[in-house]
Amino acid sequence: MNADLKNILSSITLTSLKEKFQVQDEFLVIENFLPQSILNNFITNLPQLNSVINRNYIPNHKKGGSVSKYSLDNLAPLFKEFYNLPFFLNFLREITGEQLLPCPADDAHSYALYYYTEPGDHIQYHYDTSYYKGKRFTVLLGLVDNSSCKLEYQLYRRHPNRETQTYSLTLNPGTLVVFNGDKLYHRVTPLGINEERIVLTLEYVTNTNMGNFQRFISNMKDAIAYFGFRQVFLKPRIHR
Ligand SMILES: [Fe+2]
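The present account deals with the structure reproduced in this document. (Residues numbered from 1 in each chain as written. Predicted model: local features only at pLDDT ≥ 70, side-chain atom pairs only at ≥ 80, totals over all residues. Heavy atoms only, no water.)

A word on the overall build of the protein. Scanning the protein from terminus to terminus reveals eight helices and 12 strands. What you see for the protein is a C-alpha radius of gyration of 17 Å, in line with the 18 Å of a compact globule of 240 residues. Taken over the C-alpha atoms alone, the protein extends approximately 45 × 40 × 40 Å along its principal axes. Each of the 240 residues in the protein was classed as buried or not, and the buried ones make up 53%. For the protein, the proportion of contacts with a sequence separation of at least 24, taken over those separated by at least 6, is 82%. Summing over all exposed atoms, the protein offers an accessible surface of approximately 10,900 Å²; the carbon and sulfur share of this is 50%. Computed over 25 positive and 22 negative side-chain charges, the separation of the two mean positions in the protein equals 5 Å. (Helix = DSSP H or I, 4+ residues; strand = E, 2+ residues; numbered from the N terminus. Rg over C-alpha atoms; globule rule 2.2 N^0.38 Å. Buried < 20%, exposed > 50% of the residue type's maximum accessible area, 1.4 Å probe, protein only. Contact = heavy atoms within 4.5 Å. Areas by Shrake-Rupley, 256 points an atom, 1.4 Å probe, with all protein chains shown as cover. Lys, Arg positive; Asp, Glu negative; His and termini not counted. Charge placed at Lys NZ, Arg CZ, Asp CG, Glu CD.)

Now the structure itself:
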């Protein structure tokens with residue numbers, strides 16, 4: 001997979017993407033970023049993850065399932081490999097113009113899967129707030145989408161001189177989305193009956209330091225809203 005992926009990335013012309021990322025206030029969509037042949041490498045790993053999906057329901061905020069970095073490391077190390085691929089990281093650095101870094105090994109959200117499998121699964125409007133001392137960038141990659149869900153997002157909401165603009169996107173398999181988590185206000189609309197949507201989420205930062213209190217808040221959020229207390233606080237052996 002790595003050689004094919006490297007070829008794809010090296011064939012992409014970065015100039016217009018970098019410009020678009022800046023014009024859109026640090027947000028970019030690349031449709032058909034990965035072909036199905038490469039996506040299949042991820043998708044073949046999904047069945048063994050079904051038993052470790054952690055379901056969450058927070059009224060008026062979110063409902064859905066998640067698989068944490070720790071579970072992926074144990075059961076599907078391909079995701080860790082993808083997250084740390086130097087040429088993929090360089091590609092993201094070029095797009096964002098930032099010296100992006102992988103999150104520390106004890107961050108359950110570094111890379112994770114979001115599962116929408118039950119009717120009504122959704123997440124309400126939010127920012128991907130950074131508790132790190134620098135910026136936090138979110139990368140989404142659509143893996144499976146047999147759904148009517150939309151990623152709805154608002155550009156320029158925190159921009160001092162621009163009108164907010166609202167858009168709607170289907171996260172088709174192979175679509176890549178990159179954004180500054182503190183700038184993009186976004187939500188995912190509810191899943192319909194007999195629908196399914198699985199998304200890979202990656203988090204990169206510009207400073208891997210986090211204050212102790214911020215780490216506590218971040219861990220509590222991950223435990224309650226995403227992965228469960230066992231995954232976040234009783235961390236399995238960490239190896240990156
Ligand atoms: Fe988000």
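Moving on from the coordinates now.
Take the coordination of the iron ion next. Around the iron ion, the protein contributes the donor atoms H126 (NE2), D128 (OD) and H186 (NE2), which lie 2.1 to 2.2 Å from the metal centre. All donor residues of the iron ion come from one chain, and their arrangement in sequence is H-x1-D-x57-H. Separated by 58 residues along the polypeptide, D128 in the loop between β6 (122-126) and β7 (136-146) and H186 in strand β11 (residues 185-188) bring together distant segments of the chain. For H186, a relative accessible area of 4% corresponds to the buried category. (Donors = N, O, S within 2.8 Å, 3.2 Å for Na, K, Ca; no water.)

All right, on to the packing of helix α1 (residues 2-11) against helix α6 (residues 86-96) then. For the pair α1 and α6, interaxial distance at closest approach is 10 Å and the crossing angle is 20 degrees. Relative to α6, α1 is oriented roughly parallel. In this structure, α1 crosses over α6, and the sense of that crossing is left-handed. Between α1, through N2, L5, K6 and L9, and α6, the contact on the second element is made entirely by F87, F88 and F91. Split by residue class, the contact of α1 with α6 holds five nonpolar, one polar and one charged. (Axes fitted to C-alpha atoms, helices over the stretch in contact; angles between N-to-C directions. Parallel < 35°, antiparallel > 145°, perpendicular 65-115°, else oblique. Left-handed = near helix turned anticlockwise from the far one by under 90°. Nonpolar A, V, L, I, M, F, W, Y, C, P; charged D, E, K, R; others polar.)

Geometric values such as these leave the question of function open.
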